[in-house]
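Structure assessment
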Amino acid sequence: MRNQVKILGELGSMILIAAITALVGTILVLAVGADTGKAFGAFFSGILGSFYSFTEVLVRATPLILAGLGVAVAFQARFFNIGAEGQLYMGAIGATWAGLYLPAMPLYLHLGIAMMAGFLLGGIWAVIPGFLKSQYRIPEVINTIMFNYIAINIVGILVRTVMANKTSPLPMSPRLSDDLHLPFLADPTRLHAGLLVALVSAVLVYLFLYKTTWGFELRAVGNNPRASSCSGISVKKTIVISSLISGGLAGLAGGSEILGVHGRLMEGISPEFGYIAIIVALLGRNHPFGVVLAGVGIAALQIGATTMQRRAGVPASISLIIMGLLVVLILGRQYWIKSRST
Amino acid sequence: MPLLCMKQVCKSFGKVQANQKVNLTVERGEIHALLGENGAGKTTLMNILYGIYQPDSGSILMDDQPVSISSPGEAISLKIGMVHQHFMLVPTLSVSQNITLGIKERGYPFTDRKEVDRKITRVSREYGLDIDPTAIIEDLSVGVLQRVEIIKLLYHQAELLILDEPTAVLTPQETENLFAVLKRLKEDGRSIIIITHRIAEVQSIADRVTVLRDGARVGCDNIGNVGEARLSEMMIGRQLDTAVRETSHQNRLNEAAVLSLENVSLNGRNVNILSKLTLELKPGEILGLAGVDGNGQKELAEVIVGIRRPDSGKVLFEGNDVTILGVRKRKRIGMAYVPDDRHHDGLILDMDLSSNLILNAHDQPPFARFHFLNDQVRRRHAEQTITDYQVKTPGVGTLVRYLSGGNQQKIILARELDGIPKLIVASQPTRGLDIGAEEFVNKLLLAQRDRGAGILLISADLDQLIKLSDRIAVIFDGRITGLLNNHAGIDLAEIGLKMAGVA
């Protein structure tokens, strides 16, 4: 009985949140003087109007899911990793480096190693703040944010110096060989095997979190570090492991963007994927399958908004406003539920 | 006409009654001790007086005028001041800035700091509270910080000073100085309420004492009329007729010790939490550890099970030195720990019952193989435990948060006793439980003893200790002040005095 009331309440609040965002979206569209019918028509046809547009949503969802998984793993361990953006860029550096400079080898091995390099560099980038938190209690929120700036500017330096394309004045690395590309899944669209990497990662993260002793410890530490250490779980070790996996997943997002989309390292390969990943993790309630759904949902929102901008002249910034609003509403809802249940 | 009169004050937090119809009267120019154990409701009552909490019912009269104090600001304007147990000072500001915090001095915002400093120096000289007004708070020691807090009250011209456990962080010399200052303030006509759980302190400084227990007033008397024994009895609440000990079992006091502590010391920031503590526990006995809360019991328990490392001394388990082993290893070799703080130390409230039951065996067969959890085994284990321990729960997947206190404690006990431990450290295992659950826990401990486990039972409840223990050790100020065999004619007065550190 009590459970039913609770489920109804949750459902109701979700519907309310959806209604509020729809209302605000409409008001914003009206405010810029656009035709709402045309705008929303463009929005939905941008997402589901054609097979091509739908694959575009999935291409956009791939890095969001990977980085979102990373953020979710960290959040479950109460390691507030705000640095997925930086970890993604480090992963991109790793994948590009492995793609450009490793000796010739079979294609799939090369792709695998390049993705692993992305995982490794992203992981290292998160383990540093993880180590600083677990050993010296230095707040990871600040460190991971600062590491974003460092990583992004390392990319800036690399593409102008050691990894610069000697034949072009533009700040970017040489192009990877045309073969060295994650397999396309549906020619002629841009959909690439990065999506499979993301989905497999979600399953692996699920197994790791809920079916292994390490995941058990990670969740225990995230829920109550004190009780965990009182029963003999090493909180420090757990935080370091969770930060490594978290950064590694964000690094995979970077690797997948390099090997699946851009084919070279340059500045701005991530339109804030790493930050939006926080929203994805939040919407997905830090559960790997929730993250997959949220990643696709947010990607759809963004792609839809871009189409709306192109066809109905409504600024795509609306999607960012909607995302911000969603976060505030969801956090507010959690507070509201908590304050009523105690 | 008394300065302060609190009448029939009630305050509850959720289901917990923190204060029940408490009366308190304080005269002008007296030092009034508010005595009681941790959780007796002393601080709550004073927080009501200081305007931090609002009472559910009851009234407060100052000089026979009813007053309502809805904020600390109002309390200050009524000339009431409070020094909290944890000082409320801004570490990066100077002494004088802290003292005038929140006051608009003449010339504000361009306060004449030198003038203020002179005024502070004048006040501090008057009462022998030596202080440098320009010093920065974070550079000062705890004893000096307390002086700053007291000068702050005097600067605000408080007539009624409330001090919450003021000696908890002081060295004996600092305590002596503090008491001298308090006496001078009293001669000056000010009234002081001192919150404490130390009987010796009450005796040396207070004129009158009010004793609280479980949120209710147990008594109030002039200090000359009540002896130490009477005070400890009032505070701990031992009823004279209960506590019948079950004496049937044979203890094994001549066997080798399961646990020995050798000169274990643990240093806090400014005080020694444990000082050269030595203790032995035999298999098949319950060693009761009596003492007023906060004398090092919790830290001792944590040193034994490996949550804390002692600064010096040794912990021996079955004759082997385990001082450097971590919690996990110690639990594997046969230690169990029932912590006093279920919610923070014992359980992961937002994980389910079955997970909490395997918290320290989760990576051992049959619960896990090659680091993969076996959900089925875990669930079956939980179902079995629910039957064995009569846990009332909707199911094994219920979050532990939603269980009652007694059922939560059963989860901890079931988990800790699952490995058939040789040593059980049980800290306040029945605190906050209803009578039925308490009985269940007591029986369980006796059964474990009969099985041959050595049990260190830490409890503030003397009744429980007398009912269950084979021997009773008394801890005061991080030292064992007495070790008695528990027999029918055990001298309760002696235990009480040792708990108070006066014998």
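Higher on the page you've got the structure.
Counting restarts for each chain, with residues numbered from 1 along the sequence as it is written. Chain labels run from A onward and ligand labels from 1 onward, assigned in the order the entries are written. Residue-level local features of this predicted model are given only where pLDDT is at least 70; pairs of side-chain atoms are given and counted only at 80 or more, and the full residue set underlies all totals for whole chains, interfaces and linings. Values reported for side chains reflect all heavy atoms of the structure, with hydrogen atoms and water molecules removed beforehand.

**Things to note about the overall build of chain A**
Here a strand is any run of E in DSSP of at least two residues, a helix any run of H or I of at least four, and the numbering for each starts at the N terminus. Scanning chain A from terminus to terminus reveals 13 helices and zero strands. Taken over the C-alpha trace, chain A has a radius of gyration of 21 Å; the compact-globule value for 342 residues is 20 Å, and the two agree within 12%. Taking the principal axes of its C-alpha atoms as reference, chain A extends roughly 65 × 60 × 30 Å. Whether a residue is buried, partly exposed or exposed follows from its accessible area with a 1.4 Å probe, protein chains only, as a fraction of its type maximum: under 20%, in between, or over 50%, in that order. Across the 342 residues of chain A, 52% fall into the buried class. Under the convention used here, a 1.4 Å probe and the Shrake-Rupley method define accessible areas, while residue burial counts only the protein chains that appear. Of the roughly 15400 Å² of accessible surface on chain A, 70% is carried by carbon and sulfur atoms. Under the counting rule used here, the positive set is Lys and Arg, the negative set is Asp and Glu, and His together with the chain ends is not counted. Note that the charge is assigned to NZ on lysines, CZ on arginines, CG on aspartates and CD on glutamates. Once the 23 positive and 12 negative side-chain charges of chain A are each reduced to a mean point, those two points are 13 Å apart. Here the globule rule is a power law, 2.2 Å times the number of residues to the power 0.38, and the radius of gyration is based on C-alpha atoms.

**Some words on the nonpolar core**
In plain words, nonpolar cores are sets of buried Ala, Val, Leu, Ile, Met, Phe, Trp, Tyr and Cys residues tied together by side-chain atoms within 4.5 Å. With 90 residues, the main nonpolar core has B:Ile150, B:Leu182, B:Leu185, B:Val209 and B:Ile495 as its most contacted residues. Per-element accounting of this core gives the leading share, eight residues, to helix α5 (residues 142–155) of chain B. Here this core spans two domains, and each of domain 1 (4–236) and domain 2 (255–332 + 458–503) of chain B adds at least three residues to it. Should any heavy atoms of two residues lie within 4.5 Å, those residues are counted as being in contact. B:Ile495 has contacts with B:Ala290, B:Leu462, B:Ile472, B:Val474, B:Leu484 and B:Ile490, leaving out every residue within four places of it along the chain. A:Ile65, A:Val155, A:Ala277 and A:Val280 belong to the second largest nonpolar core, which has 78 residues in total. Note: domain ranges come from an automatic or database domain assignment.

**Quick look at the sheet that holds strand β2 (residues 16–26) of chain B**
Remark on secondary structure: sheet strands pair via backbone hydrogen bonds, oriented parallel or antiparallel. Residues and elements named next belong to chain B. One bridge is not enough; two strands pair if DSSP finds at least two bridges between them. Judged by pairing direction, the sheet is antiparallel, and its four strands sit side by side in the order β2-β1-β4-β5 without closing on themselves. Two strands in the sheet have a free side with no partner beyond their single neighbour: β2 and β5 (65–67). On average, adjacent strands in this sheet sit at an angle of 30° to one another, irrespective of strand direction. Its contacts with the sheet put helix α1 (residues 42–49) on β1 (4–13), β2 and β4 (57–62), and the angle it makes with β1 is roughly 115°. Here an axis means a line fitted to C-alpha atoms, over the contact stretch when the element is a helix, while the angle between two N-to-C directions is reported on a 0 to 180 degree scale.

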